[in-house]
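# Coordinate analysis (summary)
For reference, the chains in residue letters:
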Amino acid sequence: MKPRSIFTGFLSMALAALMLVGCANQMEPAKKAINDIEAAIAAAGPDAAQYIPDQLQAVNSQVVDLKAKFDQKDYKGVIAAAPAVLAQAQGLAGAASSAKQAAEAARAAALEAMNAEWTTLSGTLPAAIAAIESRVNILSKSKKLPANLDAATFESMKTGLADAKTLWDQATAAQASGNVEAAVTAARQVKEKTDAALTALGMTAG
Amino acid sequence: MEEKKAKPAAAEPKATGENPYTQWYEVKKGDTLWKIAKERYGDGSLYPEIFKANQDILSDPDKIKVGQKLRIP
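So, here is what we can say about the structure in this document. (Residues numbered from 1 in each chain as written. Chains lettered and ligands numbered in written order. Predicted model: local features only at pLDDT ≥ 70, side-chain atom pairs only at ≥ 80, totals over all residues. Heavy atoms only, no water.)

### Focus on the interface of chain B and chain A
Where we set the bar: Contacts are assigned to residue pairs with any non-hydrogen atoms lying within 4.5 Å of each other. Each of two parts loses accessible area, computed with a 1.4 Å probe, when they are put together; buried area is these two losses added. Throughout this description, the term salt bridge denotes a Lys or Arg side-chain nitrogen within 4 Å of a carboxyl oxygen of Asp or Glu. In the analysis that follows, any N or O atom pair within 3.5 Å is treated as a polar contact, provided that within protein one partner can donate a hydrogen and the other can accept it, and provided that, for residues neighboring in sequence, both atoms belong to side chains. Think of it this way: any DSSP run of H or I at least four residues long counts as a helix, any run of E at least two long counts as a strand, and we number them from the N terminus. All residues other than Ala, Val, Leu, Ile, Met, Phe, Trp, Tyr, Cys, Pro, Asp, Glu, Lys and Arg, Gly among them, are scored as polar; the first ten of these are nonpolar and the last four charged.
In this assembly, 16 residues from chain B lie in contact with 21 residues from chain A. In total, about 1,600 Å² of surface goes out of reach between chain B and chain A, with carbon and sulfur atoms giving 55% of it. Its largest share of buried area at the contact with chain A, chain B owes to Tyr-21, Gln-23 and Tyr-41 of chain B, together 37% of the area lost on that side. Counting across the interface, chain B meets chain A through two salt bridges. In this structure, the connection of chain B to chain A is made through eight residue pairs in polar contact (both at pLDDT 80 or more). At three residues, the largest contribution of residues to the side of chain B that touches chain A is made by helix H1 (residues 33-41) of chain B. Taken together, the residues that form the side of chain B that touches chain A break down as six nonpolar, four polar and six charged.

### As for the nonpolar core
Here is the rule: The criterion is simple. A nonpolar core is a set of buried Ala, Val, Leu, Ile, Met, Phe, Trp, Tyr and Cys residues joined through side-chain atoms within 4.5 Å. Burial here depends on accessible area, computed with a 1.4 Å probe over protein chains only, as a share of the maximum for the residue type. Under 20% is buried, over 50% is exposed, and the range in between is partly exposed.
By size, the foremost hydrophobic cluster in this structure holds 46 residues, and its most contacted members are Trp-168 of chain A together with Leu-33, Ile-36 and Tyr-41 of chain B. Contributions of two or more residues to this core are made by helix H3 (75-141), helix H4 (151-176) and helix H5 (180-201) of chain A together with H1, helix H2 (47-53) and strand S2 (69-72) of chain B. Tallying contributions element by element places H3 of chain A first for this core, with twelve residues. By size, the runner-up hydrophobic cluster in this structure holds 21 residues, among which are Ala-30, Ala-33, Leu-56 and Val-59 of chain A.

Okay, structure coming up:
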């Protein structure tokens, strides 16, 4: 073997060794970079998954990419890409907190609106039911229905009244148990039925 | 019962505690409770229902006055 070949071989080996050492030197920082990102994601807590799932998913996808790079020993690539991903991961907690506050404010506003609707409905529906029931009871004694009311409509109205009373019981029970949403939902159905009955009877609110 | 004369619908009095869905009828000339019950219920014999609902202003079912505003239960 010529001296030049020996030297070249030695140089190649030395370079390879240096590269190996260089890679090994970058492996730990790359691993740490990924760990830091995962810690930032974990710090965002379950709120991130609940309130900013798309943003969380985007960061998680980038972590998957970084890990793939790491597995391919592309530590340099990991270290180069990690700061941007870490910044996004560190932003998750704040974004989740803001989104949570916005969601809670929206929920509070919706609850307030439902409470107001309940107040209105609970202030009118019992009176409507009582007025309809009174008229239906009287008409039930009638030998002949008035000209503007046929037997089929009257029978349907009686069924509607019974349904309205049942639904109203459900609405008040739901409200009493603190479930305003269920209370309002049932009360809206009661209103539909009482409105239909009032129209059929030619009755209006004073 | 003697049929009394009356008039069509009217503005309802606002009484405290009154059901807002209470229906009102303003007595016209020629109206009677029987006639009103016949029109509203299809059966004149149900006039006592109207009388009972208006006992605060009626003492006799045969005595209604033009312009009186009656509850129609």
